[in-house]
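# An overview of the molecular structure
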Amino acid sequence: MSLIKMYLAGGIFMHFILLVGFVAAAIIVERALALYKNYQAAPIDLRHKLMTFISLGQFNEAMAYVEMSAGKTAMGRVAMAGLQVRKAGGGDEEVQARMDEVLTNEISSIDKRTGFLAVYGNVATLLGLLGTVTGLIASFMSVTNANPAERSLLLGQGIAEALNTTAFGLIIAIPALVAYAIYQNRTDSIITEMTETSSKIFHDILFRSESQTQTTAGRAMNANTEAATGFHKGN
């Protein structure tokens, strides 16, 4: 039996299953583009380059590098948020809060709509089962009230409707659930990498900028000490 004949023989629930299939197909295409074609990862050496600039206290240069090499990436936007707050004199908690805020927004953008594939896959399966139940009920009711000559025909039509809705629901559900598993694995991988890199960059901003500040303060203190010593010697 062709797919069209199976659809026509499946009853009213076929229309709902087909609608779910169209929505699931649209999400599969959109998520494939978002997670594979359009997603841009930050350069591998982003953190190491930032460490160099931060340790020297060159926040303007660090932000210029991020804008040039990773300005369109999610990780670049997270790093830029931390650098901007630190350059403006923000404390450790402000830097962390701003980076966490941007990171949360980026994760939400990456993870959106993927979970709907599992929902629609389950809905398609349940609609198929519902069509199966109603088909069997209709077939047995028709057999009960029909004459013996028509019973076999009516029973066959009812069972065909039941089996067709089940099969059609599975045809929609299986690709949706497989796509969900693939996309969720890709999403988890991206989010894990972003979270780890964000944490490392935050600690680089925290400790290396503090180290630079302490070094600068130490040099200033030494210069003041040497000046005071020279003054006393002159007197």
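On a predicted model such as this, the values are computed, not experimentally measured, just so you know. Residue positions within a chain follow its written sequence, with the count starting from 1. Whole-chain, interface and lining totals are the exception, using all residues; otherwise, since this is a predicted model, local features are given only for residues with pLDDT of at least 70 and side-chain atom pairs are given and counted only at 80 or more. Side-chain numbers here rest on the full set of heavy atoms in the structure, without hydrogens or water.

### Overview of the overall build of the protein chain
Rule in force here: Under the DSSP-based scheme used, a helix requires at least four consecutive residues in state H or I and a strand at least two consecutive residues in state E, with every element numbered from the N terminus. Buried means the residue's accessible area, taken with a 1.4 Å probe over protein chains only, is under 20% of the maximum for its type, while exposed means over 50%, and partly exposed covers the values in between. Any two residues whose heavy atoms approach within 4.5 Å at even a single point are treated as in contact. Only the protein chains shown count as cover for residues, with accessible areas throughout obtained via the Shrake-Rupley method and a probe of 1.4 Å.
Looking only at helices and strands, the protein chain features eight helices and zero strands. N-terminal to C-terminal, the α/β element order of the protein chain is α-α-α-α-α-α-α-α. Among the 235 residues that make up the protein chain, the fraction classed as buried is 33%. Look at the contacts in the protein chain between residues 6 or more apart in sequence, and 78% of them connect residues 24 or more apart. A total of about 13,700 Å² of accessible surface is found on the protein chain, and carbon and sulfur atoms cover 63% of it.

### Some points on the environment of Phe 59
With respect to the helices and strands, the residue Phe 59 is situated in helix α4 (residues 59-70). Given a relative accessible area of 14%, Phe 59 falls into the buried group. A sequence separation of 29 residues divides Phe 59 from Ala 88, and the C-alpha atoms of the two residues are 9.8 Å apart.

### As for helix α5 (residues 74-87)
An α-helical turn contains 3.6 residues, so any two residues separated by three or four positions project in the same direction. Threshold: Given a helix with a known number of residues, its expected span is that number minus one, times 1.5 Å.
In this model α5 runs 20 Å from its N-terminal to its C-terminal C-alpha over 14 residues, within 8% of the 20 Å that 1.5 Å per residue would give. With 11 of 14 residues buried, α5 is to be regarded as a mostly interior element.

### Overview of the nonpolar core
Applicable threshold: Put simply, a nonpolar core is a bunch of buried Ala, Val, Leu, Ile, Met, Phe, Trp, Tyr and Cys residues held in one set by side-chain atoms that sit within 4.5 Å of each other.
Core analysis: the biggest nonpolar cluster contains 33 residues, and Leu 46, Leu 50, Leu 83, Met 99, Ile 201 and Ile 205 have the highest contact counts within it. Among the elements of the structure, α2 (13-37), α3 (46-55), α4, α5, α6 (92-111) and α8 (148-234) are those that each provide at least two residues to this core. Once you skip the residues sitting within four places of it in the chain, Leu 46 turns out to touch Tyr 65, Val 66, Ser 69, Ala 70, Met 75 and Ile 201. Core analysis: the next-biggest nonpolar cluster, separate from the first, contains 11 residues, Phe 13, Met 14, Ile 17 and Phe 168 among them.

### Things to note about the pattern of salt bridges
Inclusion rule: For this analysis, a salt bridge means a side-chain nitrogen from Lys or Arg found within 4 Å of a carboxyl oxygen belonging to Asp or Glu.
Evaluated as defined, the whole model comprises seven salt bridges. Glu 30 is the salt-bridge partner of Arg 113, the closest N and O atoms lying 3.1 Å from each other. Here Arg 113 is found in the loop between α6 and α7 (114-145), whereas its partner Glu 30 is found in helix α2, with 83 residues between them in sequence. Arg 113 sits in the partly exposed class, given a relative accessible area of 34%. The salt bridge partner of Asp 92 is Arg 86, with a shortest N-O separation of 2.8 Å. By relative accessible area, Asp 92 is classed as partly exposed at 29%. Classification of Arg 86 as buried rests on a relative accessible area of 14%. Ionic contacts of the salt-bridge type, sharing partners, join the residues Glu 30, Arg 31 and Arg 113 into one network.

### A few points about the confidence of the model for the protein chain
Selection criterion: A score from 0 to 100, pLDDT tells how confident the predictor is in each residue.
Chain-level statistics for the protein chain give a pLDDT mean of 84 and a share of 87% at 70 or above. Here residues 213-225 is a poorly scored stretch, pLDDT under 50, and it has zero contacts once near neighbours within four places are set aside; other chains count.

### Examining the packing of aromatic side chains
Convention followed: Paired rings are identified among Phe, Tyr and Trp, the last through its six-membered ring, by centres lying within 6.5 Å, and are further divided according to the angle between planes into stacked (under 30 degrees), edge-to-face (over 60) and tilted (the rest). Counted as over-ring charges are cases with an Arg CZ or a Lys NZ within 6 Å of the ring centre that also lie within 35 degrees of the ring normal.
Per the counting criterion, the structure on display carries four aromatic pairs. Consider the rings of Phe 13 and Phe 16, whose centres lie 6.3 Å apart with planes at 50 degrees: the pair is tilted. With Phe 13 and Phe 16 both in helix α2 and three residues apart, the pair spans about one turn of that helix. The lysine or arginine in question, Arg 186, covers the ring of Tyr 36, its NZ or CZ lying 5.1 Å from the ring centre.

### Thoughts on α7
For α7, spanning 32 residues, the distance from its first C-alpha to its last is 48 Å, which sits close to the expected 46 Å at 1.5 Å a residue. Looking only at α7, the buried set comprises Thr 114, Leu 117, Ala 118, Gly 121, Ala 124, Leu 127, Gly 128, Gly 131, Thr 132, Gly 135, Ser 139 and Val 143.

### Side note on the packing of α4 against α5
The packing of two helices is summarised by the inter-axis angle and the distance between the axes. To keep things clear, this is the line we draw: Angles here are taken between N-to-C directions and fall from 0 to 180 degrees, while the axes themselves are lines fitted to C-alpha atoms, restricted in helices to the stretch in contact. The scheme is simple: roughly parallel for angles under 35 degrees, roughly antiparallel for over 145, roughly perpendicular for 65 to 115, oblique for anything else. Crossing handedness is read from the near helix: turned anticlockwise from the far helix by less than a right angle, it gives a left-handed crossing, and turned clockwise, a right-handed one. The classification used treats Ala, Val, Leu, Ile, Met, Phe, Trp, Tyr, Cys and Pro as nonpolar, Asp, Glu, Lys and Arg as charged, and all other residues, Gly among them, as polar.
Put simply, α4 and α5 touch, their axes get as near as 10 Å, and they point 165 degrees apart. Taken together, the axes of α4 and α5 lie roughly antiparallel to each other. When the axes of α4 and α5 are compared, the crossing they make is left-handed. Here Phe 59, Asn 60, Ala 62, Met 63, Val 66, Glu 67 and Ala 70 of α4 lie close against α5, whose contacting residues are Gly 76, Arg 77, Met 80, Leu 83, Gln 84, Arg 86 and Lys 87. Residue composition of the contact of α4 with α5, by class: seven nonpolar, three polar and four charged.

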